[in-house]
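Structural characterization, general
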Amino acid sequence: MSDIERSILKDYFDDYEEPKDYDSEPPKPVDDFYIIGKCLGRYNGPGGNVTVPEGITEIEYGTFQSRDSVTGITIPKSVIKISPGTLQDCMNLSEIRVDAENPCYCVINGLLLERDGTVLHSCPPTTSGVLKIPKSVTEIGEKAFAFCRGLTDIIIPESVTRIGDEAFASCSGLTNIVIPESVTRIGDQTFAGCSGLTSVAIPKYTTHIGWLAFWGTNLTRIVIPENVAEIADEAFNGCTTLSEIQVDAGNSFYCIINGLLLNRDGSVLYQCPPTTSGVLTIPEGVVKIADGAFAACKGLTGVIIPEGVTRIGEYAFANCTGLTHVNIPEGVTWISEDAFAGCTSLISVTVPKSVVYIGGGAFENTGLAEETIRAAYDQAEETDLESMTWNDFPDWEPLAESMMQNDFPDNEDEDYS
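Residues numbered from 1 in each chain as written. Predicted model: local features only at pLDDT ≥ 70, side-chain atom pairs only at ≥ 80, totals over all residues. Heavy atoms only, no water.

Side note on the overall build of the chain
- On a plain count of helices and strands, the chain comes out with 3 helices and 32 strands.
- Put simply, the chain has 417 residues, and 48% of those count as buried.
- Counting only contacts in the chain whose residues sit at least 6 apart along the sequence, the fraction spanning at least 24 positions is 29%.
- Accessible area for the chain stands at about 19,000 Å²; split by element, carbon and sulfur atoms hold 48% of it. (Helix = DSSP H or I, 4+ residues; strand = E, 2+ residues; numbered from the N terminus. Buried < 20%, exposed > 50% of the residue type's maximum accessible area, 1.4 Å probe, protein only. Contact = heavy atoms within 4.5 Å. Areas by Shrake-Rupley, 256 points an atom, 1.4 Å probe, with all protein chains shown as cover.)

Description of the side chain of asparagine 251
- Relative to the helices and strands, asparagine 251 is located in the loop between β21 (244-247) and β22 (254-257).
- Looking at asparagine 251, its side chain comes within polar contact range of the main-chain oxygen of valine 228, at 3.0 Å.
- Excluding anything up to four places from it in sequence, asparagine 251 contacts Ile224, Pro225, Glu226, Asn227, Val228 and Arg264. (Polar contact = N/O pair within 3.5 Å; in protein donor to acceptor, adjacent residues only side chain to side chain.)

Quick notes on the sheet that holds strand β12 (residues 128-132)
- Strand order in the open sheet formed by 3 strands is β12-β14-β16, with parallel pairing between adjacent strands. Single-partner strands in this sheet number two, and they are β12 and β16 (176-178). When strand polarity is set aside, the average angle formed by the axes of neighbouring strands in this sheet is 20°.
- Strand direction decides the pairing type here: β12 and strand β14 (residues 150-155), joined by 5 bridges, are parallel. Within β14, the position partnered with serine 128 by the bridge is glycine 150. (Pairing = 2+ DSSP bridges. Axes fitted to C-alpha atoms, helices over the stretch in contact; angles between N-to-C directions.)

Here we look at the pattern of salt bridges
- This model, assessed by the stated rule, comprises 7 salt bridges.
- Here arginine 162 and glutamate 139 are joined by a salt bridge, their closest N and O atoms 3.9 Å apart. In this pair, arginine 162 sits in strand β15 (residues 162-163) while glutamate 139 sits in strand β13 (residues 139-140), placing the two residues 23 residues apart along the sequence.
- According to the relative accessible area criterion, arginine 162 is partly exposed, its value standing at 37%.
- In this structure glutamate 139 comes out as partly exposed when scored by relative accessible area, which is 27%. (Salt bridge = Lys/Arg side-chain N within 4 Å of Asp/Glu carboxyl O.)

Quick notes on the sheet that holds strand β6 (residues 70-75)
- If you walk across this open sheet you meet the 3 strands as β4-β6-β8, and the pairing is parallel. The open sheet has two edge strands with one neighbour each: β4 (48-51) and β8 (95-98). Adjacent strand axes in the sheet meet at a mean angle of 15°, parallel and antiparallel pairs treated alike.
- Pairing analysis gives 4 bridges linking β6 to β8, with the strands arranged parallel. Paired with glycine 72 across the bridge in β8 is glutamate 95.

Description of empty space enclosed by the protein
- This model, assessed by the stated rule, comprises 2 cavities of 30 Å³ or more.
- The space that makes up the largest cavity amounts to roughly 70 Å³.
- Ile82, Ser83, Pro84, Gly85, Thr86, Leu87, Gln88, Leu112, His121 and Ser122 are the residues that line the largest cavity.
- One number sums up the size of the second largest cavity: a volume of about 30 Å³.
- Taken together, Ile231, Ala232, Asp233, Glu234, Ala235, Phe236, Leu261, Tyr270 and Gln271 form the lining of the second largest cavity. (1 Å grid on protein atoms, 1.4 Å probe; cavity = no way out; pocket = protein on both sides within 12 Å on 5 of 7 lines; lining within 4 Å. Points joined across faces, edges and corners; volume = space filled by probe spheres on them.)

Considerations on the nonpolar core
- Grouped together as the largest cluster of nonpolar side chains are 49 residues, with contacts concentrated most on Ile140, Phe145, Ile154, Phe168, Ile209, Phe214 and Phe236.
- Mapped onto this core, the elements with two or more residues apiece are β10 (111-114), β14, β19 (221-224), β21 and β24 (268-271).
- In contact with phenylalanine 214, other than residues within four places in its own chain, are Ile186, Phe191, Val200, Ile202, Ile209, Leu219, Ala235, Phe236, Asn237 and Cys239.
- Counting residues in hydrophobic clusters, the runner-up holds 39 residues, among them Leu262, Ile328, Val355 and Ala380. (Core = buried A, V, L, I, M, F, W, Y, C linked by side-chain atoms within 4.5 Å.)

Right, dumping it as structure tokens:
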């Protein structure tokens, strides 16, 4: 990676981290491990009970990826950082041990926690049945219970205020969980893939519900309490059984109109319950249809979009397999990536002259004729920058300019190294 590339990435991505320099310090095999400096990068041993070598200070995410033969891990006193989700890759892990002199970590009731007991980092994936989280815990860390498919119930104490991203992801056996009133934040993909979960109460004091927070659950009804100020796009996508969304009358940020979740002034449409069927009329006053708002509403056969809408978000109508005709009104300027992707029954779409941008894959895998799709793209005035590669730009100056114009709002996870 050139110095110019590195500079641009640092400027435009707040969470950009410098990649490990394998050229200046190549990984070296030590027994069953590959080690870079004092960082454990990969385990290649036979499995069973694994002891991390003394002197290692960091265990990287991916160290134990696809190492299902690992059943136990011993962490020495030298380790001061374990990347989130690192131990959840060991699907048959049943025991975590930590050296009593380790200054950063400890084990309580089989769970890996911060030394002071406030942050819960990891639960062995083979854990099953009912689990009670220690009362000292204030935060459930990122991916802490990911892939604990045998858990059926988790008891969370009132001391917990924050639940991290993917904290309970793919806990498919989880059928009951009570989130205490003390929790103020539910992270991205927190309950994604919890297919056994049919109901959950969002606490009164919760202010944030993350991206894809309940994806793949079997919730039938959700109630948004009065203090929720931010619901990420697609928070309830993939809830194929969701038939009702309610918002507390005291909420200042969101409302329900005709069964749809909108912001309080009715200008942004966030979510249509996936079980909705037939022809649906979007309320007057909507300006933006958010990412994933109608995704997988397979019973929809038609949607009436009012004049005033200017933007259709990513995956907004993706996989609406019953949708046959769409009339996009004059005034819409932006049709985002994959907006109608997977609408296999879609045979007719009207794209107005006001559209200046159509994202990549907007009409992919639909019933539309190729010439219809090509005509829509030809009509749009703007180039799809995100479908290009670095080599499409003759030098870095126009690339930097395009980054500043677009801010790359949805590419935080792209790997440009």
